[in-house]
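One-letter residues, chain by chain:
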Amino acid sequence: MTDITSGIAVADNLVAKESWLAKTVRFFRTKPMGAIGLVIVLWFIFMAVFAEEITPYDPLFIAYDKLLSAPSWSHWLGTDDFGRDVLSRIVFGSRTAMLIGFTSSLVGASLGMLVGLASAYFGGKIDLIIQRLVDIFMSFPLIILA
């Protein structure tokens, strides 16, 4: 009788799902670099979404009386050569950086998937031609392609 009840208890443990909090803690413990990267990306997304509420100054406002001022309590990262607040410009610039980064990743992955699917589906000479074209592109240093 105890064998049957222990088997049922083991089966219940296998069916029980792990909570999202337990999964998150396990992810942070097993992959700390990935977790740090996730936190940084989420922080930049947060800054991009709430840029108007976070920044103390308009990033385009020119203040000629504060040209190239050093960091202070009013301008945490100082001002640039036009008197614009550097912190505000960085926070608003994260919007453009995130848009370009995510869009280029999505477009690159989509085009790569289409080329790979075409190469695998058609096979034969088309596969060979696509492979050689990819080899040609990979032979160039990355800085030249950029």
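Residues numbered from 1 in each chain as written. Predicted model: local features only at pLDDT ≥ 70, side-chain atom pairs only at ≥ 80, totals over all residues. Heavy atoms only, no water.

Some thoughts on the overall build of the protein
Let me state the cut-off plainly: Helix and strand labels come from DSSP, where a helix needs a run of H or I of at least four residues and a strand needs a run of E of at least two; each type is numbered from the N terminus. The rule is simple: take the accessible area with a 1.4 Å probe, protein chains only, and divide by the maximum for that residue type; under 20% is buried, over 50% is exposed, in between is partly exposed. Contacts: residue pairs with any heavy atoms within 4.5 Å of one another. Only the protein chains shown count as cover for residues, and the accessible areas themselves come from Shrake-Rupley with a 1.4 Å probe.
Regarding its fold elements, the protein presents seven helices and zero strands. Put simply, the protein runs from its N terminus to its C terminus through helices and strands in the order α-α-α-α-α-α-α. Each of the 146 residues in the protein was classed as buried or not, and the buried ones make up 14%. In the protein, the proportion of contacts linking residues at least 24 apart, taken out of those at least 6 apart, comes to 37%. For the protein, the accessible surface area stands at approximately 11800 Å², while carbon and sulfur atoms represent 74% of it.

Re the confidence of the model for the protein
Applicable threshold: The predictor reports its confidence for every residue as pLDDT, a score running from 0 up to 100.
On average, residues of the protein score 88 in pLDDT, and 89% of them reach the 70 mark or higher. Within the protein, no element has a lower average pLDDT than helix H1 (residues 2–15), which sits at 56, and none a higher one than helix H5 (residues 86–122), at 93.

Concerning the environment of Ile129
Secondary-structure assignment places Ile129 in helix H6 (residues 124–139). Along the chain, Ile129 and Ser119 lie ten residues apart, while their C-alpha atoms are 8.7 Å from each other.

Some words on the side chain of His75
Here is the rule: Here a polar contact is taken to be a pair of N or O atoms separated by no more than 3.5 Å, where protein atoms must pair a possible hydrogen donor with a possible acceptor and residues adjacent in sequence count only if both atoms sit in side chains.
Within the secondary structure, His75 is located in the loop between helix H4 (51–54) and H5. When its relative accessible area of 6% is taken as the criterion, His75 is described as buried. Only 3.0 Å separates the side chain of His75 from the side chain of Asp85, close enough to count as a polar contact. Beyond its immediate chain neighbours, meaning those up to four positions away, His75 contacts Tyr57, Lys66, Ala70 and Asp85.

Structural notes on the packing of aromatic side chains
Put simply, the rule reads: Any two of the Phe, Tyr and Trp rings considered here, Trp counted by its six-membered ring, make a pair once their centres fall within 6.5 Å; the pair's planes then place it as stacked at under 30 degrees, edge-to-face at over 60, or tilted in between.
Counting across every chain of the model gives four aromatic pairs. The interplanar angle of 90° and the centroid separation of 6.0 Å between the aromatic rings of Phe27 and Phe28 together place this pair among those described as edge-to-face. Judged by its relative accessible area of 31%, Phe27 falls in the partly exposed class. In this structure Phe28 comes out as partly exposed when scored by relative accessible area, which is 37%. An aromatic cluster is present here, built from Trp43, Phe46 and Phe50 joined pairwise through their rings.

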